[in-house]
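Overview (structure and organization)
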Amino acid sequence: MTQAEKEQENGKEKEKDREKEKEQRGVKRPIAPPVIPEPLQEQIQSNFIVVINPGSKTLRIGRATDTLPVSIPHVIARRHKHAGQPRHEDPWLLREGLSRPESNEQRQNGLKMVDQAIWSKKMSNGARRIPVSADQARAFNKQMRPAVLDPNSRVKWTNTSHHPEFLVGDEALYVNPTDCYNIHWPVCRGQLNVHSGPSGSLTAVLADLETIWSHAIQKFLEIPLKDLKYYRCILLIPDIYNRQHVKELVNMLLMKMGFSATVVHQESVCATFGSGLSSACVVDVGDQKTSVCCVEDGISHRSSRLCLAYGGSDVTRCFFWLLQRAGFPYRECQLSNRLDCLLLQQLKETFCHLDQDISGLQDHEFRIRNPDSPALLYQFRLGDEKLQAPMAIFYPATFGIVGQKMTSLQQRSQGNPEDPYDEHYLLGTQSKQDQSAKATAERKAPPKPSGFDGEPGSQNPEAADRSHPQDIDLGHSQSDCLMTGADVDEPPTALMSRKTAISQFEGKALGLDKAILHSIDCCASDETKKKMYSSILVVGGGLMFHRAQEFLQHRILNKMPPSFRRVVENVEVITRPKDMDPRLIAWKGGAVLACLDTTQELWVYQQEWQRFGMRILRERAAFVW
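1. Regarding the sheet that holds strand 4 (residues 76-79)
- Spatially, three strands are ordered 6-4-7 in an open sheet, and the strand pairing comes out antiparallel. Looking along the sheet, the strands with just one partner apiece sit at the ends: strand 6 (166-168) and strand 7 (181-184). Taken pair by pair, the neighbouring strands of this sheet meet at an average axis angle of 20°, ignoring direction.
- The pairing of strand 4 with strand 6 spans three bridges and is antiparallel. If you follow alanine 77 over to strand 6, its bridge partner there is leucine 167.
- Those strands touched by helix 5 (residues 202-219) are strand 4, strand 6 and strand 7, and its axis lies near 110° from that of strand 4.

Here's what the structure looks like:
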């Protein structure tokens, strides 16, 4: 075969191969391209998500990829604009309702109940615990004088010689009271600290929050504020939230600070994410408030939410009162002095416990290091005060707070012009639909003999018209909002009795154990209640006392309904899931939320917020807004 023939043959074979390939491609190639393109939405990187958990006393903030958040005191010191202006300082341990004539009597009655509870519970060896009176320690403490450890405490006031406009966190706490600075805590009892005093307007409080958060992002996360347009934010809010405040916070994050998108979620649900539990009765004991809520499969049961207006700082103040009864040797201690408040908090965390086996008088010591003062060592003797103070959480009368609303529930939305299709509209249209459906059914149904009570036909139209406004105006409990899926199947009589029970609790100071039992009892089904008794998750820093887990478990077991005591295999109180610090669990849950695929549907983008405002929260919030 000649060279020309060979080349011709090769050319024919190549042509055949090409035709075969074309045929195969023609048969196999689908209409859609073989490689599916990446979704238009860009892949979100967790290190470009900031998680913010704003507490009443501590701000926890960090990237979603951080192992631990940065924790700083949630406080700001602002320089006076005009010289000679009177100084203002938001109170820390002091609060309204403590100086009423009946406050002391209530405090003493609460203490009697605490002592009775201490005596009634046996120690692990089976013996009764004999209460120790304050008189036994007072005689010793009265004669104690401090020893000077060092003429110079080596602690300094914050340097304000360069006249900074504001100071944040620890720097704000250590501002000299003689300097021209006002001290503000922008969050109080879980809500924005709006008050009638200086800088107590909503605008001023939001400006303080923006300054504190921006400072923390720049200083601790090392993110320039101009780069926030590349970042997203997850904001944790209380279980019982103020819609107007949430709206203002979202507006601040997106429009003022400049985050590109944000997700808003409840602390209780994030706490279950952080602890790896699918369902739990979440008990969040904070510094100034305690919230209880049942969470099932990532949903917070609206009817189970309770917020108690006391927390760790109330225990600290109660401990100070008990110390004074026992002749506390540091006689200059004042609740109005923020450094003394820091000391008292430290003493509570060091000495207080819930261990029934620790009894009798014991000697202790503590050091005081204040700026411009010598370092001092105090010795003192304490008995039951270390157990009585934490027990006030179960007997809140011991706090001596009179005339204040101590228990709050989810309020119905007051409505907002930006959100015309809110629950008022939905309830109204639902009522009209129900009425029209009932009227249609009556027209189609055969006539019934009169006097058939309980039959739909026996109710006249006037009665039907009257019944709906009553449904809408049943009061301010959280259950009178739109019913969640769990509530829909509940018989009306059970729902009504629950509403009545809830209205009785509002304003009363419930003990923590009673609040937990009430919250679980508000769950719709017995199956859910059994789940909650088996998983009571305690988070926050207000109940971090030695043996708190066993103490709370004992009280829940003793007070739970007998019907459940028989069917619940074990009541489990979890205080340190995965050996984590309970103060960080909700923040950690926010970081977990940032990494979930389902979170993609929850982001509220800056452009959407500009266009739709508050309405977008109803669409995107992972809870019934």
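And the narrative resumes.
2. A closer look at the packing of helix 7 (residues 267-275) against helix 19 (residues 585-595)
- It is the contact of helix 7 with helix 19, at a shortest axis distance of 6 Å, that shows an interaxial angle of 80°. Relative to helix 19, the element helix 7 is oriented roughly perpendicular. Contacts between helix 7 and helix 19 involve Glu267, Cys270, Ala271, Phe273, Gly274 and Ser275 on the former and, on the latter, Ile585, Ala586, Lys588, Gly589, Gly590, Val592 and Leu593.
- Residues belonging to the contact of helix 7 with helix 19 are distributed by class as follows: seven nonpolar, four polar and two charged.

3. Overview of the sheet that holds strand 11 (residues 261-266)
- Spatially, 3-2-1-10-11-21 is the arrangement adopted by the six strands of the open sheet, whose pairing is mixed. The outermost strands of the open sheet, each flanked by one partner alone, are strand 3 (70-73) and strand 21 (604-605).
- Sheet strands in contact with helix 6 (residues 243-256) are strand 1 (49-54), strand 10 (232-237), strand 11 and strand 21, and its direction is about 150° off that of strand 11.
- Helix-sheet contacts for helix 7 involve strand 1, strand 10 and strand 11, and the interaxial angle to strand 11 is about 90°.

4. Concerning the nonpolar core
- Core analysis: the biggest nonpolar cluster contains 84 residues, and Leu512, Ile516 and Leu543 have the highest contact counts within it.
- Looking at this core element by element, the count peaks at seven residues for helix 8 (residues 312-325).
- For isoleucine 516, the residues in contact, after removing those within four places along its chain, are Cys281, Val283, Val292, Ile536, Leu552 and Ile556.
- By size, the runner-up hydrophobic cluster in this structure holds 41 residues, among which are Ile52, Val205, Cys233 and Leu254.

5. Observations concerning the pattern of salt bridges
- One pass over the structure, following the stated rule, counts 21 salt bridges.
- For arginine 138, the salt bridge identified is with aspartate 135, shortest N-O distance 2.6 Å. Highlighted residues: arginine 138 and aspartate 135, both in helix 3 (residues 134-142), separated by three residues, approximately one helical turn.
- Of the charged contacts, one joins glutamate 608 and arginine 620 as a salt bridge, the two residues approaching to 2.8 Å between their closest N and O atoms. A residue pair is termed long-range when its members are at least 10 positions apart, and glutamate 608 in helix 20 (residues 606-612) and arginine 620 in helix 21 (residues 615-620) qualify at twelve residues.
- Salt bridges sharing common partners tie together Arg87, Glu89 and Arg338.

6. Topic: the packing of helix 5 against helix 6
- Contact geometry of helix 5 with helix 6 gives a least axis separation of 11 Å together with a crossing angle of 45°. As far as their axial angle goes, helix 6 and helix 5 are oblique. In the packing of helix 5 onto helix 6, the handedness of the crossing is right-handed. From helix 5, Leu202, Leu206, Leu209, Glu210 and Trp213 reach across to helix 6, where they touch His245, Glu248, Leu249, Met252, Leu253 and Lys256.
- Partitioning the contact of helix 5 with helix 6 into residue classes produces seven nonpolar, one polar and three charged.

7. Brief notes about the side chain of threonine 211
- Assignment of secondary structure puts threonine 211 in helix 5.
- At a separation of 2.9 Å, a polar atom in the side chain of threonine 211 contacts the side chain of arginine 78.
- At 2.8 Å, the side chain of threonine 211 and the backbone oxygen of alanine 207 are in polar contact.
- Once residues within four sequence positions are removed from consideration, threonine 211 is found in contact with Ile76, Arg78 and Phe166.

Definitions and limits used
Residues numbered from 1 in each chain as written. Predicted model: local features only at pLDDT ≥ 70, side-chain atom pairs only at ≥ 80, totals over all residues. Heavy atoms only, no water. Pairing = 2+ DSSP bridges. Helix = DSSP H or I, 4+ residues; strand = E, 2+ residues; numbered from the N terminus. Axes fitted to C-alpha atoms, helices over the stretch in contact; angles between N-to-C directions. Contact = heavy atoms within 4.5 Å. Parallel < 35°, antiparallel > 145°, perpendicular 65-115°, else oblique. Nonpolar A, V, L, I, M, F, W, Y, C, P; charged D, E, K, R; others polar. Core = buried A, V, L, I, M, F, W, Y, C linked by side-chain atoms within 4.5 Å. Buried < 20%, exposed > 50% of the residue type's maximum accessible area, 1.4 Å probe, protein only. Salt bridge = Lys/Arg side-chain N within 4 Å of Asp/Glu carboxyl O. Left-handed = near helix turned anticlockwise from the far one by under 90°. Polar contact = N/O pair within 3.5 Å; in protein donor to acceptor, adjacent residues only side chain to side chain.

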